Amino acid sequence: MTCDLTNPIFTDEEAAGKHFESLRWPDGPICPHCGTVNEATEFKGESTRPGLYKCRPCQKPFTRHHGHATTNIGGKEKNKHLGKA
Ligand SMILES: [Zn+2]
């Protein structure tokens, strides 16, 4: 990939999202709940953000951003300190 700033992945949120998905999920969407690959349906609604999926096997919704900010390291550290006190 070149560093072309006119590339839609830099200017179009949906194109950027699809690019991100292809990097994160080269084999299709992966459900963070049950780990099933490429069995999720993308929501296509007026009020629905792009990148929202529903896993068919476990029927739970998830987004392509799911799991990025949920590493709860800070919380674990806190609990450790509380346990010592
Ligand atoms: Zn699932």
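Each value, and the rule that gives it
Residues numbered from 1 in each chain as written. Predicted model: local features only at pLDDT ≥ 70, side-chain atom pairs only at ≥ 80, totals over all residues. Helix = DSSP H or I, 4+ residues; strand = E, 2+ residues; numbered from the N terminus. Buried ≥ 20, exposed ≤ 12 C-beta atoms within 10 Å, placed from the backbone. Contact = placed C-beta atoms within 7 Å. Pairing = 2+ DSSP bridges. Core = buried A, V, L, I, M, F, W, Y, C linked by C-beta atoms within 7 Å. pLDDT = per-residue confidence, 0-100.

**Notes on the overall build of the protein chain**
Across its full length, the protein chain holds three helices and three strands. A total of 85 residues make up the protein chain; the buried ones form 11% of that total. The contacts of the protein chain with a sequence gap of at least 6 include a subset with a gap of at least 24, amounting to 31%.

**What to know about the pairing of strand β2 (residues 52-55)**
A regular strand carries its side chains on alternate faces of the sheet. Only one face of β2 is buried, namely the one carrying Tyr53 and Cys55, since none of Leu52 and Lys54 on the opposite face is buried. Examined bridge by bridge, strand β1 (residues 40-42) and β2 share three bridges and lie antiparallel to one another. In the strand pairing of β2, Thr41 is matched with Lys54. Pairing of β2 with strand β3 (residues 61-63) involves three bridges; the strand directions are antiparallel. Counted as the bridge partner of Lys54 is Pro61 from β3. Between the end of β2 and the start of β3, which pair antiparallel, lie five residues, with Gln59 showing a positive phi angle near 65°.

**Re the nonpolar core**
In summary, soluble globular proteins display a tendency toward joint burial of nonpolar side chains. The biggest cluster of nonpolar side chains holds six residues, and these are Ile30, Cys31, Ala40, Tyr53, Cys55 and Phe62. With near-sequence residues (within four places) excluded, Ile30 lies in contact with Trp25, Gly35 and Val37.

**Here we look at the confidence of the model for the protein chain**
Per-residue pLDDT for the protein chain averages 80, and the proportion of residues at 70 or more is 74%. Contacts from residues 68-75, a stretch scored under 50 in pLDDT, to residues over four places away or in other chains number zero contacts.

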